[in-house]
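A structural walkthrough
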Amino acid sequence: MSARIFAVANQKGGVGKTTTTVNLAAALALSGKRTLLVDLDPQGNATMGCGIDKRALGASVYQVLLGLATLSQARRASPAVDAAAAVLDVLPANRELAGAEVELVDVEYRETRLKRALAEVTDDYDFVLIDCPPSLSLLTLNGLCAAHGVIIPMQCEYYALEGLSDLVNTIKKVHANLNADLAIIGLLRVMYDPRSTLTAQVSAQLEQHFGDKVFRTIIPRNVRLAEAPSFGQPGVVFDRAAKGAAAYLAFAQEMIERVAAGFDRRAPTA
Ligand code: ATP
Ligand code: MG
């Protein structure tokens, strides 16, 4: 079966997109799922978090989007997950990617460049995860057009819902015009602080409003997850026993279950 493809998106900055993409990808790989992580952010944080130096790339996602390299030429195996049977490949990114935003404007099929590039390798993987930048830009659009589903990480704080409707509207437009396959798989509560009453309130609101679109797994705030990238490792590799790592390992199982159950294919609503 060819890969299930998920974009991790939220135009808000610093909400845990990259941490989620890197740790979910590594956890899936450790569960024996062949996984490709696509870094669609010029910050290159997911690339670094998988132990690949963004300053020393050959071809990257930039060349792939512009048709200057194929995906199989540009992908790299992550050295961070070296369990015998684990496959974690990365289509890396660095600052060069910022130029693609402008250079793609006049290119044919500008929103579906990634989708077309991925077609070459989808049989090589069980999962493809796309780390989107904090914007609703052409890069994010490429992520949404390539995906079967969107995972939206969010912090349970007062402003969490603000901006969510922009994202949901964008997803609806992409669903209507560019990618009829696209579904919102779910909202993932991250950096969760169980001691805060506000957190509990917002979390309950999310469940009320979005029902089973809210993932069961909750990712706690955990400093080990924040420390891991400076060692070029996903948190689930760096300190597997830490609370945050355990949560991402559980989230990977929830994703595997949802995919096996055939996730909710209704048109995106919210
Ligand atoms: P950007 O919008 O810039 O791409 P992002 O949405 O990808 O950001 P991250 O880079 O994953 O967000 O996380 C932002 C910061 O919060 C990072 O320093 C990260 O290490 C930290 N962080 C993320 N999740 C957790 C967590 N569960 N516990 C503690 N720290 C976390
Ligand atoms: Mg990020």
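Our subject is the structure listed above.
Not measured: the values here are computed from a predicted model.

Attention now goes to the overall build of the protein. Secondary structure summary: the protein contains twelve helices and eight strands in total. What you see for the protein is a C-alpha radius of gyration of 17 Å, in line with the 18 Å of a compact globule of 270 residues. Taking the principal axes of its C-alpha atoms as reference, the protein extends roughly 50 × 40 × 35 Å. Residues counted as buried form 54% of the 270 residues belonging to the protein. In the protein, 79% of the contacts between residues at least 6 apart in sequence involve partners at least 24 apart. In the protein, which carries 27 positive and 28 negative side-chain charges, the distance between the mean positions of the two groups comes to 3 Å.

On to empty space enclosed by the protein, then. Under the definition given, this model contains two cavities of 30 Å³ or more. By volume, the largest cavity amounts to about 40 Å³. Here the lining of the largest cavity is composed, by residue class, of three nonpolar, two polar and two charged.

So, about the layout of surface pockets. Empty space within the largest pocket amounts to approximately 510 Å³. As for the largest pocket, its lining consists of 29 residues, of which Gly-16, Lys-17, Thr-18, Thr-19 and Met-191 are closest to the centre. Breaking the lining of the largest pocket down by element, the ones donating at least two residues are helix H1 (17-30), helix H2 (45-49), strand S7 (183-192), strand S8 (214-220) and helix H10 (223-227). Among the elements that line the lining of the largest pocket, the one with the most residues is H1, at five residues. Classifying every residue of the lining of the largest pocket by side-chain character gives 14 nonpolar, twelve polar and three charged.

Rules of the game
Note on numbering: residues in each chain are counted from 1, in written sequence order. Ligands are numbered from 1 and chains lettered from A, in the order in which they are written. Residue-level local features of this predicted model are given only where pLDDT is at least 70; pairs of side-chain atoms are given and counted only at 80 or more, and the full residue set underlies all totals for whole chains, interfaces and linings. For side-chain calculations, the full set of non-hydrogen atoms in the structure is used, while hydrogens and water are omitted. The helix count covers DSSP runs of H or I at least four residues long, the strand count covers runs of E at least two residues long, and both are numbered beginning at the N terminus. The atom set for the radius of gyration is the C-alpha atoms, and the globule formula is 2.2 Å times the number of residues raised to the power 0.38. When a residue's accessible area, from a 1.4 Å probe over protein chains only, is under 20% of the maximum for its type it is buried; when over 50% it is exposed; and in between it is partly exposed. Only heavy atoms matter for contacts: two residues are in contact if any of them lie within 4.5 Å across the pair. In this tally, Lys and Arg are treated as positive and Asp and Glu as negative; His is ignored, and so are the chain termini. Note that the charge is assigned to NZ on lysines, CZ on arginines, CG on aspartates and CD on glutamates. In the cavity and pocket records, a cavity denotes points on a 1 Å grid over the protein atoms alone where a 1.4 Å probe fits but cannot get out, a pocket denotes an open set with protein on both sides within 12 Å along at least 5 of 7 lines, and lining residues are residues with an atom within 4 Å of a point. Grid points are joined across faces, edges and corners, and a volume is the space filled by probe spheres set on the points. For this classification, Asp, Glu, Lys and Arg are treated as charged, while Ala, Val, Leu, Ile, Met, Phe, Trp, Tyr, Cys and Pro are nonpolar and the rest, including Gly, are polar.

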